[in-house]
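Take a look at the letters that make up each chain.
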Amino acid sequence: MQQTRVVIVGAGPSGLLLAQLLRRHGIDSVVLEQRTRHYVEARIRAGLLEQGTVDLLREAGVGERMAREGLVHNGFEVAFEGRAHRIDLHGLTGSQVTVYGQTEIQRDLDHGFVDNGGDVRYGVEQVVIEGYESAHPRVSFTMDGVRQEIACDFIAGCDGFHGVCRRSIPSDAIRIYERAYPFCWLGILADVEPLSDELIYANHVRGFALCSMRSRTRSRYYIQCPVNDTIASWPDERFWDELRSRLPSAHAARLITGPAIEKAIAPLRSFVAEPMRFGRLFLVGDAAHIVPPTGAKGLNLAAADVRVLYQALVEHYRLGSDTALDEYSSRGLARVWKAMRFSGWFTMLMHQFGDDPFAHKLQLAELNYLTESPAASQSLAENYVGLKFDQST
Ligand code: FAS
Ligand code: PHB
């Protein structure tokens, strides 16, 4: 039977970042991924990184291209009632955020780990985890029609919301907290110059809109759409017209449009699984929690989980101490729930929940308060850039 220290299920950002960090500390792992390398790299997802995530990618030795190509942002705009107000992130917190697409992070991790001898098995099927409540867990899987099994010390469930690891936990051993939002985000990628140098979050009676980017020549835009909406009902021109209608007129007039190179509709949900640890199995990233993307927390929470888990595993192997492993779940959940609170608050503030004039007036009152009160702006800013580790755990 094959043997390794840590079996990591999932080769997304959580799985590969964990594998890369462990290897830099001499801890071997095997990563099992159901899809192909190209499929995982091609997924268009997150775009905004907290400083903690940037630091961790650098610590993993995969931050060089991000340092060259990432766009460092010191603020963003909130648009409502035909005007825009800038939230001065750096002035309010001394911190910044970086725009660098998850696709690029995946490529950097693939190059750093996979292209340098990292053991990733792509295209696996029927992954089964066993013995995670014992000191000798095992993971079996089918690859090229052959059933295989790996014995290990620990299993990291980095297999996302739809993965197998969380679903392997008996329902009486896990507590699920979940909220689905009554709308989706329709996202578009286009090789056109972004509308603005910084992100713009727009509250409008027609629905939420977000103007983001991937580079100075590639734009990323989102608009709130109904849950049952389809890509087919959104030809490019309709998307661009709707986006313009939700922005202040001066911004709309500057919008540069072009053909969509990617278009997708994603549901919004809040989801937390408690605890995040089951014996020798640790749930990481989207396998344990999902936040609505309004606060740009999903990928950053995953990175924070990886940081705590890899450091705890190093302490286990180097110092023989399991204190940090024992604290993984409580520390992770403290951070997750604070990000869940912020993401939920920002989602409620910026989106339209049906035709409710009173609710919209309350949103406008809060947005006006936000722009007039330094204390309110600072609270938004410190959550957006990411709570300091000692604040969030
Ligand atoms: P992932 O889901 O990325 O990776 C899990 C991996 O496990 C996948 O490669 C999957 O193929 C594999 N896997 C699953 N089951 C398996 C099995 N049984 N066997 C083997 N492998 C298995 N976050 C933001 O911050 N901002 C955003 O704008 C944003 N937009 C998003 C849009 C969409 C459509 C989605 C789905 C998510 C978005 N997110 C966003 C969140 C996203 O970025 C996640 O936080 C991030 O991908 C988390 O990474 P992982 O935890 O690695 O999970
Ligand atoms: C993105 O660029 O994909 C993005 C940025 C900020 C968000 C959500 C998505 O809050």
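Let me sum up the structure you'll find in this document. If you're wondering where the values come from, they're calculated on a predicted model, not measured in any experiment. Counting restarts for each chain, with residues numbered from 1 along the sequence as it is written. Working convention: letters from A go to chains and numbers from 1 go to ligands, in the order in which they are written. Where local features are concerned, this predicted model is filtered to residues with pLDDT of at least 70; where side-chain atom pairs are given and counted, the filter is 80 or more; whole-chain, interface and lining totals use all residues. In computing side-chain values, all of the structure's heavy atoms are included and hydrogens and water are not.

### Here's the deal with the site of ligand 1
Here is the rule we go by: Being near a molecule or strand, for a residue, comes down to having at least one heavy atom within 4 Å of it. Here a polar contact is recorded for every N or O atom pair within 3.5 Å, except that within protein the pair must consist of a potential hydrogen donor and a potential acceptor, and residues adjacent in sequence are included only if both atoms are side-chain atoms. Values of accessible area rely on a 1.4 Å probe in the Shrake-Rupley scheme; residue burial ignores everything except the protein chains shown. Here the term charged refers only to Asp, Glu, Lys and Arg, the term nonpolar to Ala, Val, Leu, Ile, Met, Phe, Trp, Tyr, Cys and Pro, and the term polar to all other amino acids, Gly among them.
Taken together, 29 residues sit near ligand 1, with Ser14, Glu33, Arg45, Gln102 and Asp286 positioned nearest. The backbone of Pro13 places a nitrogen or oxygen atom 3.4 Å from an oxygen atom of ligand 1. Arg43 is positioned with one of its side-chain polar atoms (N or O) 3.3 Å from an oxygen atom of ligand 1. Its free accessible area being 1000 Å², ligand 1 has 85% of it covered by the protein chains. Here the residues of the shell around ligand 1 are counted per class, giving 13 nonpolar, nine polar and seven charged.

### Let's talk about the sheet that holds strand 7 (residues 83-87)
Put simply, the test is: Pairing between two strands is assigned when DSSP locates at least 2 bridges connecting them. In this text, helices come from DSSP runs of H or I with a minimum length of four residues, and strands from runs of E with a minimum of two, each type numbered from the N-terminal end.
Read across the open sheet, the eight strands follow the order 7-6-15-16-17-14-18-21; overall the sheet is mixed. Of all strands in the sheet, those bounded by a partner on one side alone are strand 7 and strand 21 (289-290). Of the strand pairs in this sheet, strand 16 (residues 209-213) and strand 17 (residues 219-225) are connected by five bridges, and their pairing is antiparallel. By the bridge assignment, Cys211 is partnered in strand 17 with Tyr221.

### Describing the site of ligand 2
Taken together, 13 residues lie near ligand 2, and Tyr201, Ser212, Arg214, Tyr222 and Pro293 sit nearest. Within the contact set of ligand 2, an oxygen atom lies 2.8 Å away from a side-chain nitrogen or oxygen of Tyr201. Taking Ala296, its main chain carries an N or O atom lying 3.4 Å from an oxygen atom of ligand 2. Burial of ligand 2 by the surrounding chains reaches 97%, relative to a free accessible area of 280 Å². Taken together, the elements giving at least two residues each to the shell around ligand 2 come down to strand 16 and strand 17. Residue composition of the shell around ligand 2, by class: seven nonpolar, three polar and three charged.

### Quick notes on the pattern of salt bridges
We apply this condition: Just to be clear on terms, a salt bridge is a Lys or Arg side-chain nitrogen sitting within 4 Å of an Asp or Glu carboxyl oxygen. Here's how the labels work: a residue is buried when its accessible area is under 20% of the maximum for its type, exposed when over 50%, partly exposed in between, all with a 1.4 Å probe on protein chains only.
On inspection of all chains with the given rule, the structure shows 26 salt bridges. Two residues, Arg37 and Asp110, come together in a salt bridge whose shortest N-O distance is 3.7 Å. With Arg37 in helix 2 (residues 37-42) and Asp110 in helix 6 (residues 102-113), this residue pair connects regions lying 73 residues apart in the sequence. Exposure remark for Arg37: the relative accessible area of 26% places this residue in the partly exposed category. For Arg58, the salt bridge identified is with Asp55, shortest N-O distance 3.9 Å. Of the two residues, Arg58 and Asp55 both sit in helix 3 (residues 51-59), three residues apart, roughly one turn of that helix. Look at Arg58 and you get partly exposed, because its relative accessible area is 45%. One continuous salt-bridge network, built from bridges that share partners, spans Arg37, Glu41, Arg65, Glu69, Glu104, Arg107, Asp108, Asp110 and Asp115.

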